[in-house]
Amino acid sequence: PTMAVPPGTGNRQFVDDAQIAEEQRELDTKLRTTNTRDKLDALKKLIALMATGRDVSVFFPSVVVNIVSESFEVKVLVYMFLVRTADQKPEEALLSINSFQKDLAHPNPRVRALALRVMSSIRIQVIVPVV
């Protein structure tokens, strides 16, 4: 239970920061679980946070590890996240290119098309020669 702190008091920022830190830990745990439903929930929450303008680039490493997921839905959300945040984390985005290239040879044509679309959507100079 969170403490009710009246607006205007000095503790308000601390409560907000503590709540944000707890949210981040929870999302990070869900992103790293083996449960596909939890991963999907966390990815959807991150996409929603991005839509409201929140900086979610701190989750980049936790999201990138899910590129190898067999779930098409997880892949779609991971790729969506990567396209939107790659400019903030160009070095990490470059490391994920190998996974995109593997997906270009995936047996599922939807996965191949998704990988190609994402690779051509990432606007980072170091990736352009790879594409």
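Report follows, based on the coordinates. Because the structure is a prediction, the values reported are computed rather than measured.

Each value, and the rule that gives it
- Residues numbered from 1 in each chain as written.
- Predicted model: local features only at pLDDT ≥ 70, side-chain atom pairs only at ≥ 80, totals over all residues.
- Heavy atoms only, no water.
- Helix = DSSP H or I, 4+ residues; strand = E, 2+ residues; numbered from the N terminus.
- Buried < 20%, exposed > 50% of the residue type's maximum accessible area, 1.4 Å probe, protein only.
- Contact = heavy atoms within 4.5 Å.
- Areas by Shrake-Rupley, 256 points an atom, 1.4 Å probe, with all protein chains shown as cover.
- Polar contact = N/O pair within 3.5 Å; in protein donor to acceptor, adjacent residues only side chain to side chain.
- Expected span 1.5 Å × (residues − 1).
- Arc of directions from axis to C-beta.

Overview of the overall build of the protein chain
Along its length, the protein chain carries 6 helices and 0 strands. Along its sequence from the N terminus, the protein chain presents helices and strands in the succession α-α-α-α-α-α. Put simply, the protein chain has 131 residues, and 36% of those count as buried. Across the protein chain, contacts joining residues at least 24 apart in sequence account for 56% of those joining residues at least 6 apart. Taken as a whole, the protein chain presents about 8200 Å² of accessible surface, with 55% of it coming from carbon and sulfur.

Quick word on the side chain of N66
Along the polypeptide, N66 turns up in the loop between α3 (60-64) and α4 (72-85). Residue classification places N66 among the buried positions, given a relative accessible area of 2%. A polar contact of 3.0 Å, which involves the side chain of N66, links it to the backbone oxygen of S62. Residues within four places of N66 in sequence aside, it is in contact with L31, K39, V74 and V78.

With respect to helix α6 (residues 109-121)
The end-to-end C-alpha separation of α6 is 18 Å, in line with the 18 Å expected for 13 residues at 1.5 Å each. Among all positions in α6, only V111, L114, A115, V118 and M119 are buried. The arc that holds every buried residue of α6, seen down its axis, measures 125°, which confines them to one face. For α6, the exposed residues set more than 90 degrees away from the buried face come down to R110, L116 and R117. Considering only its buried residues, α6 is in contact with α4 and α5 (90-103).

Nothing here speaks to function; it is all geometry.
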